[in-house]
Amino acid sequence: MNSTTKKWKLALIITFTFSLISCASPEASEPIQDDIVGTWKAAQDEELNIYEFRSDGTGLMRDSSGTYYDFVPFTYQFVEEDKIEFSAQEGYSIFVNLSMDTSDQLTWDAEVTGGYHIDFEKVAKCEFDELKDCIVGQWVRYWPGGEFTVFDFYRTGDGAAFVPEFEEATHFSFEVLDDNAILYQVEGGEPARAIVSMPDNYKMVFDFANEDGPITYYRLDAPFGP
């Protein structure tokens, strides 16, 4: 092999290697942007904080210091690779530095007077194999305008929906059809099939064919596990 051929092959290898590095760099530079999406929990000073980060830059947070059923909506956007501008109040925002040692650990350091540090742990998926075991418990559904309804799913396949301030409740039943579907029936109504998805153990989504869109429920009784 002559020297010209060797130089040509070496140049080709260098060019190919550089192309691989260049293609990989954007993906490698945005790990937090991808991994932050999901539900996170943090126990601090005997209070429980739960933040749900959505991929569209919105989210919901709840903490046990306020009214237990209330969620506060928020928005966030990345201003640097590991820094977000976070707002839970119109016209007011803070900057927060983020870091992740692993994909299920998130450290939050807000740039505010006195500092504001939180160590979050990502909420895992339901640990049970059976869908019914994952559904059983107390959940809340939020309505436009801030209203909400609490749903109790019992192991018997029965349930009750109610608003805490009122004594009256609506009763329903549910039957698991397979690994991701149930038959849901409100008292006096027709049974309806719903596809069930649980992104994590804190969030449950029912998708009825005859509804305008999916219905989202948030677990109330056991944010640390079923």
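So, how was this worked out
Residues numbered from 1 in each chain as written. Predicted model: local features only at pLDDT ≥ 70, side-chain atom pairs only at ≥ 80, totals over all residues. Heavy atoms only, no water. Disulfide = S-S within 2.5 Å. Buried < 20%, exposed > 50% of the residue type's maximum accessible area, 1.4 Å probe, protein only. Pairing = 2+ DSSP bridges. Helix = DSSP H or I, 4+ residues; strand = E, 2+ residues; numbered from the N terminus. Axes fitted to C-alpha atoms, helices over the stretch in contact; angles between N-to-C directions. pLDDT = per-residue confidence, 0-100. Contact = heavy atoms within 4.5 Å. Phe/Tyr/Trp six-rings, centres within 6.5 Å; stacked < 30°, edge-to-face > 60°. Patch = residues over 30% accessible without salt bridge, like charges linked within 9 Å, V, L, I, M, F, W, Y side chains within 5 Å. Areas by Shrake-Rupley, 256 points an atom, 1.4 Å probe, with all protein chains shown as cover. Salt bridge = Lys/Arg side-chain N within 4 Å of Asp/Glu carboxyl O.

J.: Where do I start with the state of the cysteines in this structure?
T.: Here is the idea: a disulfide is a covalent bond, and it sits between the sulfur atoms of two cysteines. Scanning all chains against the criterion turns up one disulfide. The disulfide partner of cysteine 126 is cysteine 134, and the S-S distance across this bridge is 2.1 Å. With the S-S dihedral at roughly -95 degrees, the linkage between cysteine 126 and cysteine 134 falls on the left-handed side. Here cysteine 126 matches cysteine 134 in class, with each residue buried.

J.: Is there a simple way to explain the sheet that holds strand β8 (residues 116-122) in this structure?
T.: Sheet strands pair by backbone hydrogen bonding; their relative direction is either parallel or antiparallel. Judged by pairing direction, the barrel is antiparallel, and its eight strands sit side by side in the order β1-β2-β3-β4-β5-β6-β7-β8 before closing back on the first. Between one strand and the next, the sheet's axes are offset by a mean angle of 30 degrees, whatever the strand orientation. Here four bridges tie strand β6 (residues 92-99) to strand β7 (residues 105-110), and the two strands are oriented antiparallel to one another. If you follow asparagine 97 over to β7, its bridge partner there is aspartate 109.

J.: Help me understand the confidence of the model for the chain in this model?
T.: Parts of the model with low pLDDT should not have their predicted coordinates read in detail. Summarising the model, the chain shows a mean pLDDT of 84, and 82% of its residues fall at 70 or more. The model gives residues 2-29 a pLDDT under 50, and that stretch makes three contacts with residues more than four places away or in other chains.

J.: I keep staring at the packing of aromatic side chains and nothing clicks. Help me out?
T.: Aromatic rings considered in pairs are described by the distance between their centres and by the relative angle of their planes. All chains considered together, the criterion is met by 30 aromatic pairs. Geometrically, the ring pair formed by tyrosine 51 and phenylalanine 53 is stacked, given 6.3 Å between the ring centres and 25 degrees between the ring planes. The same class applies to tyrosine 51 as to phenylalanine 53, namely buried. Site record: aromatic cluster; members linked through ring pairs are Tyr51, Phe53, Phe74, Tyr76, Phe78, Phe86, Trp108, Tyr116 and Phe120.

J.: What should I look at first to understand a nonpolar patch on the surface in this one?
T.: Residues Tyr92, Val112 and Tyr116 make up a contiguous nonpolar surface patch of roughly 270 Å² in combined accessible area. Mapped onto the secondary structure, tyrosine 92 falls in strand β6.

J.: What should I look at first to understand the sheet that holds strand β12 (residues 169-178) in this one?
T.: Reading around the barrel, the eight strands line up as β9-β10-β11-β12-β13-β14-β15-β16 and close back on themselves, with antiparallel pairing between neighbours. The average undirected angle you get between the axes of adjacent strands in this sheet is 35 degrees. The sheet contact formed by strand β10 (residues 148-153) and strand β11 (residues 158-162) spans four bridges and is antiparallel. Within β11, the residue paired with aspartate 152 across the bridge is alanine 160.

J.: So what exactly am I meant to see when it comes to the pattern of salt bridges here?
T.: Note on pairing: side chains with opposite charge can pair once their charged atoms come close. By the definition in use, this model includes six salt bridges. Here arginine 54 ties to glutamate 52 by a salt bridge, and the two come within 3.6 Å at their closest N and O atoms. A relative accessible area of 28% means that arginine 54 is categorised as partly exposed. Residue aspartate 133 is joined to arginine 155 by a salt bridge in which the shortest nitrogen-to-oxygen separation is 2.7 Å. Within this pair, whereas aspartate 133 is found in helix α3 (residues 131-135), its partner arginine 155 is found in the loop between β10 and β11, the two being separated by 22 residues in sequence. With a relative accessible area of 23%, aspartate 133 lands in the partly exposed category. When salt bridges with common partners are traced through the structure, they connect Glu52, Arg54 and Lys203 into a single cluster.

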